Amino acid sequence: MIKKSISKKKLVRTIIQLLISCIALSIVLIKTDTEKLLEIISTANPLYLMLAFVVFNISKILNALRLNRFFRAIGLQLRELYNLQLYYLGMFYNMFLPGGIGGDGYKIYILQKNHSIKMVNVFNAVFWDRVAGVVALAFLTAVFLIPSGFANLYGEYVPATYAVIALSYPLSWLLTRLLYRQFNSIFLITAGESILIQAAQALSAWFILLALSVPSNHIDYLAVFLVSTVAVVLPITVGGAGAREITFFYLLQPLGLDTNAGVALSLIFFAIGALSALIGMFLQGRPGEKYENREKEL
């Protein structure tokens, strides 16, 4: 009965996420010049798109390395290749199987099952890895907002933006010391890695802007991109579909910038994420079985 109840809850949650994604995308596409949008996407420079794809996956590799650092802090020793395979499989689960156990849940389940370690410790490592990413995202978003057009348009919020920059990492350090002391020793290096990961994502978005031949105001587009990433972190849509697009559509308008270019950027970035997640499809059954057995033999 409990399992059935959990399954129903997951199904209802997935349906709601799908509805929100569909509604958000519908609003954007109805209000967008779809012919111009398709023209912008179809004429994108493939070289820059390839660079965006490569840099995006570099950010994911860095993310996997950071996560493994958290695993080692709780005494879980994983080979980097095995951890990377597990990470990409988690991406696949998050993107294409939203109603299932989820990418993080799958990693926690596999690692707890195949290693002599408490589930709560694995959960803490995965959770604090996510927190490290969110803190870096908030920090970098604030850094990009300061020189953007938003600072002139909403000057009353500039002091709060500076406060986010100044307080993000001191508060994160304090929370780590109070709640997760086992991660104290790796705080600085994981903080640096987190900023590199988010910067790589922004660089990937910048290559997409170059591919779309957006002539100017790149800092504004990237600021909106980072704000939209905050929206994607919230688990209200499937794989972030719709959340990023609607953020671009409504935030670029006050700046007087081309919303078609912004929506095109978000759609292409989503496509790059989906293609990258497909790598995990070919790894099903390996991280928890074949590769894990090889690891134990070595």
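For the structure itself, look to the data block above.
Visitor: How should the nonpolar core be read in this particular structure?
Guide: Grouped burial of nonpolar side chains is what soluble globular proteins tend to show. Ranked by internal contacts, the top residues of the largest apolar core, which has 76 residues, are Phe71, Leu111, Phe183, Ile208, Leu212, Tyr221 and Leu265. In terms of residue count, helix 6 (residues 119-145) provides more of this core than any other element does, 12 residues in total.

Visitor: What's the story with the pattern of salt bridges in this structure? I'm lost.
Guide: Pairing between side chains of opposite charge can happen when their charged atoms approach one another. A full pass over the atoms with the stated rule returns four salt bridges. Here lysine 36 makes a salt bridge to aspartate 258, at a shortest N to O gap of 3.9 Å. Taken as a pair, lysine 36 in helix 2 (residues 34-42) and aspartate 258 in the loop between helix 11 (243-252) and helix 12 (259-277) lie far apart in primary sequence, 222 residues in all. The exposure class assigned to lysine 36 is partly exposed, which follows from its relative accessible area of 37%.

Visitor: I tried to follow the packing of helix 9 (residues 187-211) against helix 12 on my own but got confused; where do I start?
Guide: Packed helices, taken two at a time, are described by the angle between their axes plus the distance between the axes. In the contact formed by helix 9 and helix 12, the axes pass within 10 Å of each other and the chain directions differ by 125°. Compared by their axis directions, helix 9 and helix 12 come out oblique. For the crossing formed where helix 9 meets helix 12, the hand is right-handed. Residues Gln201, Ser204, Ala205, Ile208 and Leu209 of helix 9 lie in contact with helix 12, whose contacting residues are Leu265, Ile268, Phe269 and Ile272. The residue makeup of the contact of helix 9 with helix 12, split by class, is seven nonpolar, two polar and no charged.

Visitor: Would you explain the environment of asparagine 152 in this entry?
Guide: Along the chain, asparagine 152 turns up in helix 7 (residues 149-153). Taking the C-alpha atoms as reference, asparagine 152 lies 9.9 Å from leucine 255; in sequence the two are 103 residues apart.

Visitor: When you look at the side chain of serine 228 in this model, what are you seeing that I'm missing?
Guide: Mapped onto the elements of the fold, serine 228 is located in helix 10 (residues 218-233). For serine 228, a relative accessible area of 0% puts it in the buried group. For serine 228, the side chain forms a polar contact with the side chain of arginine 244, separated by 3.0 Å. Setting aside chain neighbours within four positions, we find serine 228 in contact with Arg244, Thr247 and Phe248.

Visitor: Honestly, helix 11 in this entry has me stumped. Any pointers?
Guide: Residues lying three or four places apart along an α-helix face the same way, a consequence of the helix completing one turn every 3.6 residues. Across the 10 residues of helix 11, seven count as buried, placing the element largely inside the fold. Ala243, Arg244, Glu245, Thr247, Phe248, Phe249 and Leu252 are the residues of helix 11 that are buried.

Visitor: Sorry, what's going on with the packing of aromatic side chains here?
Guide: Think of a pair of aromatic rings as described by two things: how far the centres are apart, and how the planes are tilted against each other in angle. Tallied over the entire structure, the rule returns 16 aromatic pairs. On the numbers, 6.4 Å between centres and 80° between planes, the contact of tyrosine 87 with tyrosine 88 is edge-to-face. Each member of the pair tyrosine 87 and tyrosine 88 is classed as buried. Relative to phenylalanine 207, the ring of tryptophan 206 has its centre 5.6 Å away and its plane inclined at 45°; by these criteria the two rings are tilted. Classification of tryptophan 206 as partly exposed rests on a relative accessible area of 32%. Residue classification places phenylalanine 207 among the buried positions, given a relative accessible area of 13%. Among the aromatic side chains, those forming a connected cluster through ring pairs are Phe70, Phe123, Phe127, Trp128, Tyr180 and Phe183.

Conventions and cut-offs
- Residues numbered from 1 in each chain as written.
- Predicted model: local features only at pLDDT ≥ 70, side-chain atom pairs only at ≥ 80, totals over all residues.
- Heavy atoms only, no water.
- Core = buried A, V, L, I, M, F, W, Y, C linked by side-chain atoms within 4.5 Å.
- Buried < 20%, exposed > 50% of the residue type's maximum accessible area, 1.4 Å probe, protein only.
- Helix = DSSP H or I, 4+ residues; strand = E, 2+ residues; numbered from the N terminus.
- Salt bridge = Lys/Arg side-chain N within 4 Å of Asp/Glu carboxyl O.
- Axes fitted to C-alpha atoms, helices over the stretch in contact; angles between N-to-C directions.
- Parallel < 35°, antiparallel > 145°, perpendicular 65-115°, else oblique.
- Left-handed = near helix turned anticlockwise from the far one by under 90°.
- Contact = heavy atoms within 4.5 Å.
- Nonpolar A, V, L, I, M, F, W, Y, C, P; charged D, E, K, R; others polar.
- Polar contact = N/O pair within 3.5 Å; in protein donor to acceptor, adjacent residues only side chain to side chain.
- Phe/Tyr/Trp six-rings, centres within 6.5 Å; stacked < 30°, edge-to-face > 60°.

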